[in-house]
Amino acid sequence: MLVWLCTGGPGVGLPAAGPSAGNGPAPAGGAAAQSGGTVADGVFTADQVSRGERTFRDVCSACHDTVEFSGGRFRFTWVGLTAGDLFDTIATLMPEGDPGSLSPAQYAAVVAYLLDLNGYPAGETPLPTSLSALQALEIVEAP
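None of these values were measured; they are calculated from a predicted model.

All chains considered together, the criterion is met by 4 aromatic pairs. Here the aromatic rings of Phe87 and Tyr107 are separated by 6.2 Å at their centres, their planes lie at 75°, and the arrangement is edge-to-face. Here Phe87 is found in helix H4 (residues 83-93), whereas its partner Tyr107 is found in helix H5 (residues 104-117), with 20 residues between them in sequence. One aromatic cluster is present, formed by Phe56, Phe69 and Tyr113 through successive ring pairs.

For helix H2 (residues 46-60), built from 15 residues, the straight-helix expectation of 21 Å at 1.5 Å per residue is met to within 8% by its first-to-last C-alpha distance of 20 Å. Contact partners of the buried residues in H2: H5.

With respect to the element layout, Thr82 can be found in the loop between helix H3 (71-78) and H4. Of the residues examined, Thr82 reaches a relative accessible area of 7% and is grouped as buried. Within polar-contact distance, the side chain of Thr82 engages the backbone nitrogen of Gly84 at 3.2 Å.

Right, let's talk about the nonpolar core for a bit. Residues Val39, Phe44, Leu86, Ile90, Leu114 and Leu127 are the most contacted members of the largest nonpolar core, which totals 30 residues. At 8 residues, H5 tops the list of elements feeding residues into this core. Every residue in contact with Leu127, bar those within four places of it in the chain, is listed here: Val43, Phe44, Gln48, Ala108, Val111, Ala112, Leu134 and Leu137.

Right, let's get into the environment of Phe56. By secondary structure assignment, the location of Phe56 is in helix H2. Judged by relative accessible area, Phe56 falls into the buried class, the value being 6%. With 55 residues separating them along the chain, Phe56 and Val111 place their C-alpha atoms 9.8 Å apart. Excluding residues within four positions of it along the chain, Phe56 makes contact with Ser61, His64, Asp65, Thr66, Phe69, Val110, Tyr113 and Leu114.

About the thresholds
Residues numbered from 1 in each chain as written. Predicted model: local features only at pLDDT ≥ 70, side-chain atom pairs only at ≥ 80, totals over all residues. Heavy atoms only, no water. Phe/Tyr/Trp six-rings, centres within 6.5 Å; stacked < 30°, edge-to-face > 60°. Helix = DSSP H or I, 4+ residues; strand = E, 2+ residues; numbered from the N terminus. Expected span 1.5 Å × (residues − 1). Contact = heavy atoms within 4.5 Å. Buried < 20%, exposed > 50% of the residue type's maximum accessible area, 1.4 Å probe, protein only. Polar contact = N/O pair within 3.5 Å; in protein donor to acceptor, adjacent residues only side chain to side chain. Core = buried A, V, L, I, M, F, W, Y, C linked by side-chain atoms within 4.5 Å.

Shape is all these values report; function is a separate question.
Structural data, given as structure tokens:
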């Protein structure tokens, strides 16, 4: 069951507890656990963060504030899931009224921006836009 942040106006959008609301973290041994990759490994670039920040400001900020996606709320919602879960949730639900309308690179940049907001380090390689590659990157507690 998805729990929505609110039913109308600002804040409409992403589920309050991610794609597995109420089901706890993803089971151990999934794709992320098998690959050993995590979002703490520098899996996005500073340039991606800048592009994601612009996209968030231009597209997302009309309904969302960064507080919704940072700190304890982010950790509670996403730690134990994958970057693919975050990417897929955003891409299939946002922007409201036109989900999936951004390019995969724009969605990946927004994910990079949200990871940066939460203290994950940038690296030299851009965050992939392939859902299968993103599913191999577990969201862990920020370093």
